[in-house]
Amino acid sequence: MVAGLLLRAWPRGLAFGPGAPSRLLSTGFDPGQYLQLSIVPTMHYQDSLPRLPIPKLEDTMRRYLSAQKPLLDDGQFRKTEQLCKSFENGIGKELHKQLVAQDKQNKHTSYISGPWFDMYLTARDPIVLNFNPFVSFNPDPKSEYNDQLTRATNMTVSAVRFLKTLRADLLEPEVFHLNPAKSDTDTFKRLIRFVPSSLSWYGAYLVNAYPLDMSQYFRLFNSTRLPKPSRDELFTDDKARHLLVLRKGHFYVFDVLDQDGNIVSASEIQAHLKYILSDNSLAPEFPLSYLTSENRDIWAELRQKLVSGGNEETLRKVDSAVFCLCLDDFPIKDLVHLSHNMLHGDGTNRWFDKSFNLIIAKDGTAAVHFEHAWGDGVAVLRFFNEVFKDSTQAPAITPRSQPANTDSSVAVQKLNFKLNDALKTGISAAKEKFDATMKTLTIDYIHFQRGGKEFLKKQKLSPDSVAQLAFQMALLQQYGQTVATYESCSTAAFKHGRTETIRPASIFTKRCSEAFVREPSKHSAGEGFDRHLFALRYLGAAKGIDLPELYLDPAYRQINHNILSTSTLSSPAVNIGGFAPVVPDGFGIAYAVHDNWIGCNVSAYQGRNAHEFLQCVEKALEGMFDALEGKAIKS
């Protein structure tokens, strides 16, 4: 079923003008309704994307042992090494053979897609903090456009323009250009659009361009994760035309698309948002949004009570809305306050199940908070970048624009939910848990200004490697340990690819960290294994096979207890991003290496100290930059 949804057909439409897109468009076509008019259809490369390769089992075991080496003592390593040999020559060999055979029968997808959806959707932990991240926008360069109403209107219009462009097949395909002078040109695009979709990827490959999987994009809009017992479901209703707006815990909906599929005028959207912002109602006594922060089975049971209590139609409006716009009634104080607010807020003004929440604070600070089961950073970042670019370079309204003279009290519907005593008790319990959990989370941020990509590349060093090495050094300095470390990387260059794990902790980073941290006076100036082992375990469980000994090894549990969980995101539109630790005693590290500075946003629960960790990161970076500049490292 998932595969069918991912491969759904995209609406097509009448060509217009010379060199126009080959899709059919309605006769009343208005270019202003779209972000771009790509002559290459959005999904042009999808059919010919290469398939995600399954690594050889022996390569996976070798990589696994290499990643275990810095984490284990000699005795532990020998035991794990023996378990790997037994697995590789026994049940692992058979499972790998079955996985390869199954993959050959499912050429429309990847071997990891189904298991990865299941991993997210069967998880019963609350999705807030455990899964949902945020990415915040830079301010609009024109300061007066950061007024909350102005920015909310412009970003809403730009988001709906993105939706229309995507569904009309007019959005530029997502392509990673290694030689943009050859591939990111009008000449190449005019040629490649005539190459059949079954071959188009190879045409791009010839000019060093790599199209990326776009099968997740349709879930950006009109989509919600629905809580169900044991396994949640992803719901999408692309016929719905309304926007969901949350403010002070109240729910409002109004249409942003008319009956013909055209975007409602920007002045009307502005009027409706102004009307919502002027609502002086007190916050509800029992804010329903808290339920989306609950354990998924508890939330599933409470949702069923909501449905049976006469709220089914109202919930449908929440679930099917184009997206959720959250208007907060306070300004952002600093980057730490921003991170807390966009990552979790106070629980009243977010619908955490929605594919994404577009959050806009009183001072115009804006962010996207997204649910992770439906998709990964590639789709979200593309949406994010396009919305920032369009809303700042082609804003729908100006700060001097007047709202339309329309009766918003008719157009805007305030949603009311019927709550019985059981639901009120459930909301109160969810609030209590939410508040208690959030009190344990600390966040801190550094802005390292001695240098970034430009300096490090001149030293012939990978900027990302330097950042990762700083994290290894910091943990060694603070806790005297080398621990399991997770760095997410995308496999979107393959059909239905998701993510793979880079394991930055190695025997080499361990030696280097120890040299810098413990002996400073002596010094001066691809394919992974995680997803393959996960898929083999998933396949074995599906076939009722007893869990192989390899997965019972304490070393396996330890390497998957990712104390350092890291992810990097860099874009001119991004101010800061963040996520919570993935284990109670871990750190969530969002970082970006910019041209001339390095930003790092770290979260931790009680028992770990984000501020002290960042001080150690800064000290590690200072030491490396001293060494690179030929100075003696400070002891």
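Residues numbered from 1 in each chain as written. Predicted model: local features only at pLDDT ≥ 70, side-chain atom pairs only at ≥ 80, totals over all residues. Heavy atoms only, no water.

With that settled, the discussion passes to the overall build of the protein. Within the protein one finds 22 helices and 18 strands. A compact globule built from 635 residues would reach a C-alpha radius of gyration of about 26 Å, and the protein, at 25 Å, matches this within 12%. By principal-axis analysis of the C-alpha atoms, the protein measures approximately 75 × 55 × 55 Å. In the protein, which comprises 635 residues, the share counted as buried stands at 56%. Here the protein displays about 26,800 Å² of accessible surface, and carbon together with sulfur accounts for 52% of that area. Taking the average place of the 72 positive charges on the side chains of the protein and the average place of its 70 negative ones, the gap between the two points comes to 3 Å. (Helix = DSSP H or I, 4+ residues; strand = E, 2+ residues; numbered from the N terminus. Rg over C-alpha atoms; globule rule 2.2 N^0.38 Å. Buried < 20%, exposed > 50% of the residue type's maximum accessible area, 1.4 Å probe, protein only. Areas by Shrake-Rupley, 256 points an atom, 1.4 Å probe, with all protein chains shown as cover. Lys, Arg positive; Asp, Glu negative; His and termini not counted. Charge placed at Lys NZ, Arg CZ, Asp CG, Glu CD.)

Time to look at unusual backbone geometry. A positive phi angle, close to 75 degrees, is found at Ser230, a residue other than glycine. Take Ser230: it is sitting in the loop between strand S4 (223-226) and strand S5 (233-236). Positive phi, normally seen in glycine, also occurs at His496, with a value near 55 degrees. Mapped onto the fold, His496 is located in the loop between strand S13 (485-490) and strand S14 (499-502).

Moving on, we get to the state of the cysteines. Throughout the structure, instances matching the rule amount to zero disulfides. Take Cys324: it sits in no disulfide, and the sulfur closest to it among the cysteines is that of Cys326, at 3.8 Å. Since its relative accessible area comes to 0%, Cys324 is described here as buried. Unpaired in this structure, Cys616 has its nearest cysteine sulfur neighbour in Cys600, at a distance of 12 Å. (Disulfide = S-S within 2.5 Å.)

A sheet is described by the order of its strands in space; here six strands give the open sequence S12-S18-S17-S15-S13-S14, paired in mixed fashion. Unpaired on one side and paired on the other, strand S12 (442-448) and S14 mark the two borders of the sheet. For this sheet, the mean inter-axis angle between neighbouring strands, taken without regard to orientation, is 25 degrees. Note that S13 and S14 share four bridges and pair antiparallel. Bridge assignment links Glu487 to a residue of S14, and that residue is Ile502. Across the face of the sheet, helix H22 (residues 610-628) comes into contact with S12, strand S15 (564-568), strand S17 (587-593) and strand S18 (598-604) while running at roughly 20 degrees to S12. (Pairing = 2+ DSSP bridges. Axes fitted to C-alpha atoms, helices over the stretch in contact; angles between N-to-C directions. Contact = heavy atoms within 4.5 Å.)

Residues Cys324 and Cys326 line one face of strand S8 (residues 324-327) and the alternating positions Leu325 and Leu327 line the opposite face, and both faces are buried. Summarising the sheet, S8 and strand S9 (residues 356-360) pair through four bridges and their orientation is parallel. Within the sheet, the bridge partner assigned to Cys326 lies in S9 and is Ile359. For the segment spanning S8, helix H12 (residues 335-343) and S9, crossover handedness is right-handed. (Right-handed = clockwise from strand over helix to strand, strands pointing away.)

What follows concerns the pairing of strand S7 (residues 250-255). Walk down a regular strand and you will see the side chains alternate between the two sheet faces. Most of S7 is tucked away: five of the six residues are buried. For strand S6 (residues 242-247) and S7, the ladder comprises six bridges, and the chain directions are antiparallel. Directly across from Leu243, in S7, lies its bridge partner Phe254. Here S6 hands over to S7 after two residues, with Lys248 in that stretch at a positive phi of 50 degrees.

This brings us to the confidence of the model for the protein. Taken residue by residue, the protein gives an average pLDDT of 92. The fraction at 70 or more is 93%. Counted against residues more than four places away or in other chains, residues 1-22, with its pLDDT under 50, gives 50 contacts. Note that residues 520-525 has pLDDT below 50 and, in this model, 14 contacts with residues that lie over four places away or in other chains. (pLDDT = per-residue confidence, 0-100.)

Take the sheet that holds S6 next. With mixed pairing, the eight strands of this open sheet are ordered in space as S11-S7-S6-S8-S9-S10-S1-S16. Edge strands, defined here as strands with exactly one partner in the open sheet, are strand S11 (413-415) and strand S16 (574-578). Geometrically, the sheet is characterised by an average inter-axis angle of 25 degrees between neighbouring strands, direction not taken into account. In the packing of helix H10 (residues 266-277) onto the sheet, contacts are made with S6, S7 and S8, and the angle to S7 comes to roughly 165 degrees.

The biggest cluster of nonpolar side chains holds 128 residues, and the ones touching the most others in it are Phe221 and Phe323. Sorting elements by how many residues they give to this core places helix H6 (residues 148-167) first, with nine residues. Among residues more than four places away in sequence, those in contact with Phe221 are Ala159, Phe162, Leu163, Leu166, Arg167, Thr236, Val322, Phe323, Ser355, Phe356 and Phe383. (Core = buried A, V, L, I, M, F, W, Y, C linked by side-chain atoms within 4.5 Å.)

At their nearest, the axes of H6 and H10 sit 9 Å apart, and the two run at 135 degrees to each other. In terms of orientation, H6 and H10 fall into the oblique class. The handedness of the crossing between H6 and H10 is right-handed. Here Gln148, Leu149, Ala152, Thr153, Thr156 and Val157 of H6 come into contact with H10, specifically with Ala266, Ile269, Gln270, Leu273, Lys274 and Leu277. (Parallel < 35°, antiparallel > 145°, perpendicular 65-115°, else oblique. Left-handed = near helix turned anticlockwise from the far one by under 90°.)

Relative to the helices and strands, Ile397 is located in the loop between helix H13 (377-393) and helix H14 (408-411). With relative accessibility at 3%, the residue Ile397 sits in the buried group. Through-space distance from the C-alpha of Ile397 to that of Arg151 is 8.9 Å; in sequence the pair is 246 residues apart. Setting aside anything within four residues of it in sequence, one finds Ile397 in contact with Tyr145, Thr150, Thr153, Asn154, Ala266 and Gln270.

This structure, assessed with the given rule, holds 30 salt bridges. Among the ionic pairs, Asp238 bridges to Lys239, the shortest N-O distance being 3.5 Å. Salt bridges sharing common partners tie together Arg124, Arg225, Asp232, Arg296, Asp297, Asp353 and Glu371. (Salt bridge = Lys/Arg side-chain N within 4 Å of Asp/Glu carboxyl O.)

On to the side chain of His340. For His340, the position within the fold is in helix H12. In terms of polar contacts, His340 uses its side chain to reach the side chain of His344, at 2.9 Å. Residues contacting His340, with those up to four places away along its chain left out, are Gly345, Leu441, Thr442 and Ile443. (Polar contact = N/O pair within 3.5 Å; in protein donor to acceptor, adjacent residues only side chain to side chain.)

This part covers the packing of aromatic side chains. Throughout the structure, instances matching the rule amount to 28 aromatic pairs. For the pair Phe162 and Phe221, a centre-to-centre distance of 6.0 Å together with 45 degrees between the ring planes defines the contact as tilted. Here Phe162 is found in helix H6, whereas its partner Phe221 is found in the loop between strand S3 (209-211) and S4, with 59 residues between them in sequence. Considered together, Phe162 and Phe221 belong to a single accessibility category, that of buried residues. (Phe/Tyr/Trp six-rings, centres within 6.5 Å; stacked < 30°, edge-to-face > 60°.)

The interhelical angle for the contact between helix H2 (residues 57-68) and helix H19 (residues 530-542), taken along N-to-C directions, is 115 degrees, at an axis separation of 9 Å. In terms of crossing hand, the pair formed by H2 and H19 is left-handed. Along the contact surface, H2 presents Leu57, Thr60, Met61 and Tyr64, while H19 presents His532, Leu533 and Leu536. Looking at the contact of H2 with H19 residue by residue, the class counts come to five nonpolar, two polar and no charged. (Nonpolar A, V, L, I, M, F, W, Y, C, P; charged D, E, K, R; others polar.)

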